[in-house]
Amino acid sequence: MSGTDAPLTASPTISVVICVYTEDRWEDILAAVASVRAQSHPARETLLVVDHNEALRERLLKEYKERKDVRVLANAGPRGLSAGRNTGIAASRGEVIAFLDDDAVAERDWLRHFAAGYADPAVVAVGGRTVPVWASGRRPAWFPEEFDWVVGCTYRGLPPGRVRVRNVLGGNASFRREAFDAAGGFATGIGRDGDKRPLGCEETELCIRLTRARPDAVLLIDDRAVIHHRVPETREHFAYFRTRTYAEGLSKALVARSVGADKGLESERRYATRVLPAGVVRGLRDAVLARPGGAGRAGAIVAGVLTAAGGYVVGSVRARRGGATFSVAPVERGAHG
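All of these numbers come straight from a predicted model, not from anything done at the bench. (Residues numbered from 1 in each chain as written. Predicted model: local features only at pLDDT ≥ 70, side-chain atom pairs only at ≥ 80, totals over all residues. Heavy atoms only, no water.)

**Q** I would appreciate a short explanation of the pattern of salt bridges in the present structure.
**A** Where charged atoms from two side chains of opposite charge approach closely, those side chains can pair. Enumeration over the complete set of coordinates arrives at 24 salt bridges. Among the salt bridges present, the one from aspartate 109 reaches arginine 112, with a minimum N-O distance of 3.6 Å. The class of aspartate 109 is partly exposed, set by a relative accessible area of 28%. Its salt-bridge partner being aspartate 286, residue arginine 297 comes within 2.8 Å of it at the nearest N-O pair. A residue pair is termed long-range when its members are at least 10 positions apart, and arginine 297 in helix H10 (residues 294-320) and aspartate 286 in helix H9 (residues 266-288) qualify at eleven residues. Arginine 297 sits in the buried class, given a relative accessible area of 19%. A relative accessible area of 9% places aspartate 286 in the buried class. Where salt bridges share partners, they join Glu145, Glu146, Arg156 and Arg282 into one cluster. (Salt bridge = Lys/Arg side-chain N within 4 Å of Asp/Glu carboxyl O. Buried < 20%, exposed > 50% of the residue type's maximum accessible area, 1.4 Å probe, protein only. Helix = DSSP H or I, 4+ residues; strand = E, 2+ residues; numbered from the N terminus.)

**Q** Before we go on, may I ask you to explain the side chain of arginine 177 in this structure?
**A** Within the secondary structure, arginine 177 sits in helix H5 (residues 177-183). For the buried residue arginine 177, which engages in no salt bridge, the nearest side chain bearing the opposite charge is glutamate 45, 5.8 Å off. From its side chain, arginine 177 meets the backbone oxygen of isoleucine 89 in a polar contact 3.4 Å long. Of the polar contacts made by the side chain of arginine 177, one reaches the backbone oxygen of glycine 94; its length is 3.0 Å. (Lys, Arg positive; Asp, Glu negative; His and termini not counted. Polar contact = N/O pair within 3.5 Å; in protein donor to acceptor, adjacent residues only side chain to side chain.)

**Q** What exactly am I supposed to notice about the side chain of glutamate 236 here?
**A** Looking at the element boundaries, glutamate 236 is found in the loop between strand E9 (218-231) and helix H7 (238-259). Engagement of the side chain of glutamate 236 in a polar contact is seen with the backbone nitrogen of alanine 135, the distance being 2.9 Å. Side chain to side chain, glutamate 236 and serine 136 meet in a polar contact 2.8 Å long.

**Q** Please explain the pairing of strand E6 (residues 123-134) as it appears in this structure.
**A** Looking down a regular strand, the side chains alternate between one sheet face and the other. Counted residue by residue, E6 has nine buried out of twelve residues, so it is predominantly covered. In this sheet, E9 lies alongside E6 in parallel orientation, the contact comprising ten bridges. Looking across to E9, one finds that proline 132 is bridged to histidine 229. Direction of pairing for E6 relative to strand E8 (residues 172-176): antiparallel, over a ladder of three bridges. Its bridge partner lying in E8, glycine 127 is registered against alanine 173. (Pairing = 2+ DSSP bridges.)

Taken by themselves, the reported measurements are silent on function.
Structure follows, in structure tokens:
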């Protein structure tokens, strides 16, 4: 894989999909759209997909009625992030579809680095680096960087640079349109649904399904494609940490049930056997050296592992009994287009 960027003239057109669901994030949504409109590699369009909130949709239509490059759509599927993304994919016109969280802002060269990754025709997905912006102004002393995925951000343990990965992370990711033709869209019934239990892993399941459909497919993360993701004060507390790690275990059980434990837990095994033990040792060392939060970080890592493992066991039992299912449908192209 070449480390040099492709010239912009050879770059694909990119549609950006931002899924939104609540007026509580109004200022965040405006900031997210503004960051896309300021890109050094211009987006072909920004699609705001509103998740079953007519008041928010009407407000956004008024806000962007003069903007030809911003389109506001209603989620055409069941409530939730996966169906919203699928609606955006179906309506988009770009050769590549990028996804940005509604409470994040992208750095100016975000899309340029995504586009450069597609100079290799084997590359079907490119993700980036997501940096937390803590509501309190600083990382809680007890919060381990190894668990930044809990707040939707890039975590310690991911390799730096532009590297090949099993899956990209959904809030800062892009896919060639052909990826969805080959594998279908995001699975519904597995990802987030507004403010309900914070499930996840829908992008992991999609990426594994994609590489099964296209064994030659290459998926990358380029840590120069940076977004800044706001972490609200409610997510800085251990109660949310515990809830989110448990939900991750539930989600991982669904993914493993769908694609098999070998692929479904491939990256997690390395993370659990290498990255997390090193984090515990680092936290305990910091505690011995009287550095703030060292013992708390070590304890949080152990608690996070145990809680996620509990969620995985419960999720596995539910999946075997048929009590937890999700579905994948082909993305109908041209909708709203």
